[in-house]
Amino acid sequence: LEAAGLAAFREAGSPEAVEAARIEYLGQKQGKIKAAQQRLKQVEPSARKDYGQRFNAVKTALEAAWESAKARVDRPAAASGLDVTLPGTPRPRLGHRHPLTQTADELIDLFGRLGFGVARGPEVEDVFHNFEALNIPPAHPARDPADNFYLSDGALLRSQTSTIQIRVMERQPPPVRIVAIGRVYRPDAVDPTHSFMFHQIEGLMVDRGVTMAHLKSTLRLFAEGYLGTDVKIRFRPSFFPFTEPSVEVDMLWHGGDRWVEMGGAGMVDPDVLRAVGYDPEEVTGFAFGLGVERLCMRKHGIDDIRLFTTNDVRFLSQF
Ligand code: FA5
């Protein structure tokens with residue numbers, strides 16, 4: 001009885017089969033255990049004690065077999081091969097956009113609200129767009145092989161986004177009002193505010209009657225919009241071959257104890273306008289080129305430009 005009952009519970013593969021085995025062995029009316037109990041009365045009085053002990057052991061074993069068979073078939077997931085007692089799979093951690101990508105989007109959005117559209121240009125440039133068209137003659141020190149990443153004769157990794165000014169003006173007549181963001185490359189010595197690859201945001205506005213006052217107020221509005229109204233910026237007279245007059249723009253660094261250069265700017269040189277077929281008697285323009293990493297660093301209190309490219313998740317996950 002015991003062996004047959006244990007086998008019946010062990011082999012029962014569904015709740016119905018387990019119930020059938022229960023009725024057959026443990027059923028109150030016709031169950032085999034019940035029948036075995038009733039046979040106790042017919043046993044010789046001298047053997048009753050042994051019979052009773054054996055009966056109890058078999059009954060306990062079959063009840064236990066029933067409990068475990070029930071637990072086995074009651075788990076709905078058991079049929080699908082899913083073990084619900086295993087620890088769950090951790091929720092995948094979502095990634096997000098790199099802080100510089102977020103910064104680029106914010107800058108484009110901000111300049112968009114000031115009326116600037118978006119332009120693009122290639123990272124591998126020709127000498128004409130990187131230098132020539134920007135009034136940088138062949139003997140100019142800015143063309144020095146030690147200061148640029150030349151790829152082959154006539155091609156280099158662009159050293160400034162000002163190349164895009166030229167490409168935009170070549171394509172369309174005035175008025176122009178665009179910004180362009182992209183990577184630029186220079187073999188500069190690396191330090192907390194310099195890298196050999198960084199991003200610039202270039203701006204160009206050409207129309208009738210554009211003046212230096214427009215340039216300065218645009219850059220002020222931008223700086224206050226991006227860095228906050230308490231930001232301090234200053235303009236210093238400077239020189240670029242493609243603007244006249246030219247300025248450099250500094251921002252007071254976080255900590256407030258030093259100025260860091262944010263970008264260069266100026267009124268587009270009449271020669272540059274003429275070279276793309278614009279009439280400098282009719283239209284004037286301003287242009288600027290700002291360092292994107294430095295803007296992001298100033299806004300978020302980041303101390304070292306190298307953090308953008310070392311892929312430390314402790315840094316990246318803060319954005
Ligand atoms: C220029 O590149 C000019 N093309 C800017 C310009 C545009 C002037 C339009 C006039 C009209 P400059 O070399 O100063 O200028 O670089 C501009 C900005 O890029 C700097 O102020 C700085 O914020 C950033 N920058 C320059 N070099 C590095 C570097 N190695 N690492 C990180 N940022 C840099």
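In this text, all values refer to a predicted model and were calculated from it rather than measured experimentally.

### Quick notes on the nonpolar core
1) Next: Ranked by size, the top nonpolar core spans 40 residues in total, and within it F222, F288 and L295 carry the most contacts.
2) Next: Among the elements that take part in this core, helix α8 (residues 212–227) stands out by supplying six residues, more than any other.
3) Next: Non-local contacts of F222, meaning those with residues more than four positions away in its chain, are made with L107, L110, F111, L114, M262, L290 and L295.
4) Next: Ranked by size, the runner-up nonpolar core spans 24 residues in total, among them L156, I166, F242 and V283.

### A few points about the packing of aromatic side chains
1) Next: Tallied over the full model, the rule gives nine aromatic pairs.
2) Next: Ring centres of F315 and F319 lie 5.1 Å apart, and the angle between their planes is 65°; on these two criteria the pair is classed as edge-to-face.
3) Next: Classification of F315 by relative accessible area gives buried; the value is 8%.
4) Next: For F319, a relative accessible area of 23% puts it in the partly exposed group.
5) Next: Against the face of F116 rests R177, its NZ or CZ located 5.9 Å from the ring centre.
6) Next: Over the aromatic face of Y226 sits the side chain of K299, whose NZ or CZ is 4.4 Å from the ring centroid.

### Quick notes on unusual backbone geometry
1) Next: Of note, the bond from P174 into P175 is cis; its omega dihedral lies within 30 degrees of zero at 0°.
2) Next: Relative to the assigned elements, P175 resides in the loop between α7 (162–171) and β5 (176–185).
3) Next: The omega angle of the peptide bond from E244 to P245 is 0°, so this bond is cis rather than trans.
4) Next: Along the chain, the position of P245 falls in strand β8 (residues 243–252).
5) Next: Although it is not a glycine, N135 sits at a positive phi angle of roughly 70°.
6) Next: By the secondary structure assignment, N135 is in the loop between α6 (127–130) and β3 (150–152).
7) Next: Among the residues examined, N135 registers a relative accessible area of 29% and is labelled partly exposed.
8) Next: The phi dihedral of N311 falls on the positive side, at around 55°, and the residue is not glycine.
9) Next: Residue position: N311 is located in the loop between α10 (292–300) and α11 (313–316).
10) Next: Residue class for N311 comes out exposed when judged on its relative accessible area of 56%.

### Here we look at the site of the ligand
1) Next: Not every one of the 25 residues close to the ligand is listed here, only the nearest: Q160, R186, D188, S195 and E261.
2) Next: Measuring from an oxygen atom of the ligand, one finds a side-chain N or O atom of R186 at 2.8 Å.
3) Next: In terms of residue count, the dominant contributor to the shell around the ligand is strand β9 (residues 259–268) (five residues).
4) Next: Taken together, the residues of the shell around the ligand break down into eight nonpolar, 12 polar and five charged.

### As for the UniProt feature "domain: Aminoacyl-transfer RNA synthetases class-II family profile" (unreviewed entry) in the chain
1) Next: Listed under "domain: Aminoacyl-transfer RNA synthetases class-II family profile" (unreviewed entry) in the UniProt record, and renumbered for this structure, are residues 109–295.
2) Next: Along residues 109–295 the backbone is 24% helical and 36% strand, and the end-to-end C-alpha distance reaches 15 Å.

### Re the environment of V73
1) Next: Counting through the fold element by element, V73 comes out in helix α4 (residues 48–74).
2) Next: The residues touching V73, leaving out its near neighbours within four places in the chain, are A12, G13, S14, P15 and V18.

### Observations concerning the pattern of salt bridges
1) Next: Under the definition given, this model contains 18 salt bridges.
2) Next: E24 is the salt-bridge partner of K32, the closest N and O atoms lying 2.8 Å from each other.
3) Next: Classification of E24 as partly exposed rests on a relative accessible area of 36%.
4) Next: Notably, a salt bridge pairs R306 with D304, separated by 2.9 Å at the nearest N-O pair.
5) Next: Each of R234, R236, E248 and D250 takes part in salt bridges that share partners, so that together they form one network.

The rules we used
- Residues numbered from 1 in each chain as written.
- Predicted model: local features only at pLDDT ≥ 70, side-chain atom pairs only at ≥ 80, totals over all residues.
- Heavy atoms only, no water.
- Core = buried A, V, L, I, M, F, W, Y, C linked by side-chain atoms within 4.5 Å.
- Buried < 20%, exposed > 50% of the residue type's maximum accessible area, 1.4 Å probe, protein only.
- Helix = DSSP H or I, 4+ residues; strand = E, 2+ residues; numbered from the N terminus.
- Contact = heavy atoms within 4.5 Å.
- Phe/Tyr/Trp six-rings, centres within 6.5 Å; stacked < 30°, edge-to-face > 60°.
- Lys NZ or Arg CZ within 6 Å of the ring centre and 35° of its normal.
- Near = heavy atom within 4 Å.
- Polar contact = N/O pair within 3.5 Å; in protein donor to acceptor, adjacent residues only side chain to side chain.
- Nonpolar A, V, L, I, M, F, W, Y, C, P; charged D, E, K, R; others polar.
- UniProt positions renumbered as here; feature names shortened; annotations may be inferred.
- Salt bridge = Lys/Arg side-chain N within 4 Å of Asp/Glu carboxyl O.

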